[in-house]
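Residue-level listing of the chains:
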2 protein chains.
Amino acid sequence: MTTSPGYDKYAFEPFAVTADLAVLTIRAGALHVLLVERGQEPYAGHWALPGGFVAPDESAETAARRELAEETGLSDVSGLHLEQLRTYSEPDRDPRMRVVTVAFAALLPDPPEPHAGSDAAQARWLPYDSLGPLAFDHDRILADAHERVGAKLEYSCLATAFCPPEFTLGELQQVYETVWGTELDRPNFRRKVLATPGFVEPVPGGAKLTGGRGKPAALYRTGDATALYPPLLRPTREGRSA
Amino acid sequence: MTTSPGYDKYAFEPFAVTADLAVLTIRAGALHVLLVERGQEPYAGHWALPGGFVAPDESAETAARRELAEETGLSDVSGLHLEQLRTYSEPDRDPRMRVVTVAFAALLPDPPEPHAGSDAAQARWLPYDSLGPLAFDHDRILADAHERVGAKLEYSCLATAFCPPEFTLGELQQVYETVWGTELDRPNFRRKVLATPGFVEPVPGGAKLTGGRGKPAALYRTGDATALYPPLLRPTREGRSA
DNA sequence: CCAAAAGTGTTGACTTTACACCCATGC
DNA sequence: GCATGGGTGTAAAGTCAACACTTTTGG
C-alpha cells in the first residue's frame, strides 16, 4: 500500500460500491435471466440487472445474497451458488456518480416464479437470447456471466446448481446443452458424468420419475466433488486438434 | 439497481477503493513476488502487496497499471499482462477503515531488478515459497493469484507473459514447471506447444541461443492465439481418470 | 570423448466419438 | 403398436505418456 505524492490516505474520494447479480436459470430449455425494469433516469424503462449498494457492515457477497433474496422472494438463499465474476470500475459507468460494481452470477434451479420485489420496480425472468440493450454496462456484465458459467461447466460440478435437489441425467444434460448452445451425445454424456467420482450420486430409494412419456429415469443428487477431472470439454469450437 | 427501504441512493456510506497487485516473475527457476515493507501500523514491518487508492478519474485497472509502473520502475508497463483476480470486501479487512480492494495479478519476464519505489517503503522480490505471513489478507490474495495463474496456464497462452520477447521452448517449459511445481516431459511439452496454432511462432532469423552449454535452442515469439485448445493439463493431481 | 541441453521418433495404453441397439412407459 | 426418452454396448479413430535415440554445443 503506497500513496502517490499529494495523496492522503484519509482524504480519499468517496466511492459508492454496489453488488449486481446475473441471476440465471433454465426454463423450458432456454437460459433465462432475472431483470428489473428501471423506473427512473438514467435508462428509465430499460431492463437492468438486480443489485444494490453494499451496506457499511456487509461484504459484497453478503450484499449480493441479500439482494438475491429480496429480488427472488426465496426464503432459503443460503445454499445457492454465488460466483464472483469481476469488478467494473470505469469512472463513467454511471452518469450520476462514481460507482464501483462487484458483479456476481447466481444459478437457480427451475423458475421460482418471479419474485416478490421489495420495491415498486417490476422484476421478470426474460430469455437470454432476444434481450434488448440493458441499462449501464449490464450487457457486458451479463455476457461475462454467461461466458464464465459456460467455462466453469467444463471443469467444475457447477451444472447441478441449475437442477432441483433430485434430478435425472437428462435434465443435467439439458443444462449443458442450454448453456453451451450445442447438442451432446447422450450415452457419452452419461458415461462421463458417472465416471467422475463425486459429481452425482444415485438416490438410493430406487426412485424414478417420468418426464412425460418414455422410460422413467433414475434420480441423482449432487455429490461431494467440486472439480471435474477429466474436464467435460465443449465440443470443438473451430478445429480442436492440430 | 434497487434500494432498500430507508436507503437513499445519494446518502451511501463512503468506501475507499484500492487496487492491489500480485506481481509475479520467475527468477532462477523459482516463483518470486514483488512485496513492499510496511513502515507504519497496522502491520508495520510486515511485507505487503503493492497497491494504492483508485483515483477519482481512474478505473481499478488503470490504477493498478499506474502502481505497477511506480513500484517496478519500468517505463513500458502498457504491454504487460494484468489479470483481474477478484475483489475483497469483508468489512474488517483493514482495521482503520472500510476498504474494498480489487486485486490483480501481473506477470513479468525475468527480474527487472527491483524497482525505484516512489516512496520510502522498500520493495523487494521475494521467493514465493518461504514467505512469512503478509499484512492484511494479502496471504489469501497471493494464494488466489498463484492458483489463478496456475489454472490459466492450462487453457490459455498466458505463460509467455513470463518470458522475454524472444525465448526458447526450454524457458517456456520452465515457466510451467515453476508455477505448477511439477516436471514435464520435454518431447511431449514441445509437441503440444507447437501443435497449438498461434501459441508461439519461430523467430525467422534462424536465431539461436545458448543457455550455457548444450545444443543451441531455436527462438520463438508469442503468437496471436490467446486460448489453448486442447488444454495443457497439469499432470494428475490425485487420480485423473475414473 | 564426455556431459548437457535441444530436438525427433515410436509404441502401447488409454480416451473419445459415433453409432447401433434394447428397455420401459404413455397414448 | 409406436413414439419417446432412458440406458447399454462396441469398435474405429484419436490422443497421450513414456522412453529410446540423434544432434550440437562447451570443456
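About the cut-offs
Residues numbered from 1 in each chain as written. Chains lettered and ligands numbered in written order. Predicted model: local features only at pLDDT ≥ 70, side-chain atom pairs only at ≥ 80, totals over all residues. Helix = DSSP H or I, 4+ residues; strand = E, 2+ residues; numbered from the N terminus. Buried ≥ 20, exposed ≤ 12 C-beta atoms within 10 Å, placed from the backbone. Contact = placed C-beta atoms within 7 Å. Axes fitted to C-alpha atoms, helices over the stretch in contact; angles between N-to-C directions. Parallel < 35°, antiparallel > 145°, perpendicular 65-115°, else oblique. Nonpolar A, V, L, I, M, F, W, Y, C, P; charged D, E, K, R; others polar. Pairing = 2+ DSSP bridges. pLDDT = per-residue confidence, 0-100. Core = buried A, V, L, I, M, F, W, Y, C linked by C-beta atoms within 7 Å. Expected span 1.5 Å × (residues − 1).

Undergrad: How should the overall build of chain A be read in this particular structure?
TA: Scanning chain A from terminus to terminus reveals four helices and eleven strands. Within chain A, the proportion of its 242 residues that are buried is 34%. Pairs at least 24 residues apart make up 66% of the contacts formed inside chain A by residues separated by at least 6 positions.

Undergrad: Quick question: what am I supposed to make of unusual backbone geometry here?
TA: For residues besides glycine, phi is generally negative; the peptide bonds are generally trans as well. Note the cis peptide between Glu41(A) and Pro42(A), where omega equals -5°. The residue after Tyr229(B), namely Pro230(B), is reached through a cis peptide bond having omega -5°. Here Pro230(B) is to be found in the segment after β11 (220–222). A positive phi angle, near 65°, is found at Tyr43(A), a position not held by glycine.

Undergrad: Help me out: how do you make sense of the packing of helix α3 (residues 169–180) of chain B against helix α4 (residues 186–195) of chain B in this one?
TA: When two helices pack together, their arrangement is given by the angle between the helix axes and by the axis-to-axis distance. Residues and elements named next belong to chain B. One way to put it is that α3 packs onto α4 with a least axis distance of 11 Å and a crossing angle of 100°. The pairing of α3 with α4 is recorded here as roughly perpendicular in orientation. Facing Leu 169, Leu 172 and Gln 173 of α3, the residues of α4 in contact are Arg 186, Phe 189, Arg 190 and Val 193. Of the residues that constitute the contact of α3 with α4, the class distribution is four nonpolar, one polar and two charged.

Undergrad: Sorry, what's going on with the pairing of strand β2 (residues 30–37) of chain A here?
TA: The side chains of a regular strand alternate, residue by residue, between the two faces of the sheet. All names here are of chain A. Looking at chain direction, strand β1 (residues 16–27) and β2 are connected through four bridges and run antiparallel. Bridge pairing links Ile 26 to Leu 31 in β2. Count of turn residues in the β1/β2 antiparallel hairpin: two residues, of which Ala 28 carries a positive phi of about 55°. Across five bridges, the pairing between β2 and strand β7 (residues 123–127) is antiparallel. Bridge pairing in β7 places Leu 35 opposite Arg 124. Note that β2 and strand β3 (residues 47–48) share two bridges and pair antiparallel. Looking across to β3, one finds that Glu 37 is bridged to Trp 47.

Undergrad: Just to check I follow, could you spell out the confidence of the model for chain A for this structure?
TA: Detailed reading of the predicted coordinates is not advisable wherever pLDDT falls low. All names here are of chain A. The predicted model of chain A has a mean per-residue pLDDT of 87, with 86% of residues at 70 or higher. Of the regions scoring below 50 in pLDDT, residues 1–10 engages in 14 contacts with residues more than four places distant in sequence or in other chains. Across residues 238–242, where pLDDT falls below 50, the model places five contacts with residues more than four positions away in sequence or in other chains.

Undergrad: Help me understand the nonpolar core in this model?
TA: One broad rule of soluble globular proteins: the nonpolar side chains tend to lie buried together. Ranked by size, the top nonpolar core spans 116 residues in total, and within it Ala22(A) and Ala22(B) carry the most contacts. Excluding its chain neighbours within four sequence positions, the residues that come into contact with Ala22(A) are Val33(A), Leu49(A), Ala103(A), Ala105(A), Ile141(A), Leu142(A) and Ala145(A).

Undergrad: For this particular structure, what's the right way to read helix α1 (residues 60–72) of chain B?
TA: Every α-helical turn comprises 3.6 residues, leaving residues that sit three or four positions apart pointing alike. Residue and element names in this part refer to chain B. In a regular helix each residue adds 1.5 Å, so 13 residues correspond to 18 Å; α1 covers 18 Å between its end C-alpha atoms and thus fits that length. Three or more residues of α1 are buried, namely Ala 60, Ala 63, Ala 64, Arg 65, Glu 67, Leu 68, Glu 70, Glu 71 and Thr 72. Directly beyond the C-terminal end of α1, a positive phi value near 75° is found at Gly 73.

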